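So you can see what is in the structure, the chains are spelled out below.
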Amino acid sequence: MNAALNYGYSIILSAFAREIVANGFFTQLGIFHDNIFNEYNLACDLMEPFRHFVDYSVYKMRPEKLEHDEKMLLADILNRKVFICGKIQYITNAIKIYTEYMKMQRSFFGKEVFVFVNLKSCFSEEEIENFYQWVFYNKFKVLLLESFQREIPLKDENTVIIDKDLCEIC
C-alpha cells in the first residue's frame with residue numbers, strides 16, 4: 001500500500017513539476033516545504049490539495065502488489081474529472097489552471113515580486129501567517145490578489161481594495 005501511495009504521489013508531483021517549470025518558476029523554492037535537499041519543494045506545496053485523489057484510489061484498490069496494472073490505474077488519476085474555476089476539468093488541466101494562478105512578475109517597481117491569485121482561499125489563517133513569516137524572513141516582495149476580503153486583516157497585512165473598474169476603494 002505504501003509503495004502504491006508513493007507511486008501515485010510521484011505522478012501528481014511530476015505533473016506539478018512540469019507545470020511549474022513551464023510557467024518559468026523554480027521547483028526548489030517552496031512556500032511551506034523548504035528542505036534544501038528537495039528539488040521539488042514548490043511542487044510539494046502545490047500538490048497538497050490533490051493528494052486525496054491518490055489516497056482514495058489506493059484505498060479503493062487495496063493493492064497486494066504494485067505491478068503494471070496497478071501502476072496504470074494510478075497513472076489514470078490524471079484523467080479523472082474535477083470541478084475547478086466553475087468548470088469540470090481533467091485533473092491534468094486542473095493542475096495547469098491551479099499552477100497558473102501563481103504568477104511571478106520579474107519586475108514590479110524595479111523589484112522582483114511574487115504574485116499569487118486567491119492564495120488565501122487555499123490555506124488556513126495559520127498557514128497564511130506562517131507564509132507571511134517566511135516571506136518577511138526571506139525579504140521577498142509578495143502581492144496577493146484575492147477575490148474576497150477578510151473582515152479582520154492579518155497582522156502586518158496591507159490591504160488595498162479595488163473595484164471592478166480598477167479604482168481603489170477607501
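Reading guide: rules and limits
Residues numbered from 1 in each chain as written. Predicted model: local features only at pLDDT ≥ 70, side-chain atom pairs only at ≥ 80, totals over all residues. Heavy atoms only, no water. Salt bridge = Lys/Arg side-chain N within 4 Å of Asp/Glu carboxyl O. Buried < 20%, exposed > 50% of the residue type's maximum accessible area, 1.4 Å probe, protein only. Helix = DSSP H or I, 4+ residues; strand = E, 2+ residues; numbered from the N terminus. Pairing = 2+ DSSP bridges. Contact = heavy atoms within 4.5 Å. Arc of directions from axis to C-beta. Axes fitted to C-alpha atoms, helices over the stretch in contact; angles between N-to-C directions. Left-handed = near helix turned anticlockwise from the far one by under 90°. Nonpolar A, V, L, I, M, F, W, Y, C, P; charged D, E, K, R; others polar. Phe/Tyr/Trp six-rings, centres within 6.5 Å; stacked < 30°, edge-to-face > 60°.

Caption draft 1: Structural view of the pattern of salt bridges. Under the defined criterion, the tally for this structure stands at 2 salt bridges. As a salt-bridge pair, Glu 48 and Arg 51 come within 3.8 Å of each other at their nearest N and O atoms. For Lys 65, the salt bridge is made with Glu 70, and the minimal N-O distance between the two is 3.3 Å. You can call Glu 70 buried: its relative accessible area is 13%.

Caption draft 2: Spotlight on the pairing of strand β1 (residues 81-84). Here β1 shows a buried face lined by Val 82 and Ile 84 and an unburied face lined by Lys 81 and Phe 83. The pairing of β1 with strand β2 (residues 87-90) spans 4 bridges and is antiparallel. Bridge assignment links Phe 83 to a residue of β2, and that residue is Ile 88. The hairpin turn running from β1 into β2, its antiparallel successor, is 2 residues long, and Cys 85 in that turn takes a positive phi close to 55°.

Caption draft 3: Spatial organisation of the environment of Ile 84. Residue position: Ile 84 is located in strand β1. For the pair Ile 84 and Ile 97, spaced 13 residues apart in sequence, the C-alpha to C-alpha distance is 8.3 Å. Ignoring sequence-local partners within four residues, the contact set of Ile 84 consists of Gln 89, Ala 94, Ile 97 and Tyr 98.

Caption draft 4: Broad picture of helix α3 (residues 51-61). Within α3, the full set of buried residues consists of Phe 53, Val 54, Ser 57 and Val 58. The buried residues of α3 occupy an angular sector of 125° when projected down its axis, which confines them to one face. Structurally, α3 contributes buried residues whose contacts are with α1 (2-22), α4 (68-75), β1 and α5 (91-100).

Caption draft 5: Quick look at the packing of α3 against α4. At a closest axis distance of 10 Å, the pairing of α3 and α4 adopts a crossing angle of 145°. Both α3 and α4 take part in a crossing whose hand is right-handed. Where α3 approaches α4, its residues Ser 57, Val 58 and Met 61 are matched on the opposing element by Glu 70, Leu 73 and Leu 74. A class-by-class count of the residues in the contact of α3 with α4 yields 4 nonpolar, 1 polar and 1 charged.

Caption draft 6: Geometry of the packing of aromatic side chains. Applying the stated criterion across every chain, the model contains 2 aromatic pairs. With centroids separated by 6.1 Å and ring planes inclined at 40°, the aromatic side chains of Phe 50 and Phe 53 adopt a geometry described as tilted. Judged by relative accessible area, which is 6%, Phe 50 ranks as buried. Judged by its relative accessible area of 17%, Phe 53 falls in the buried class. Cluster of aromatic residues (ring-pair linked, three or more members): Phe 16, Phe 50 and Phe 53.

No statement about biological role is implied by the geometric values presented.
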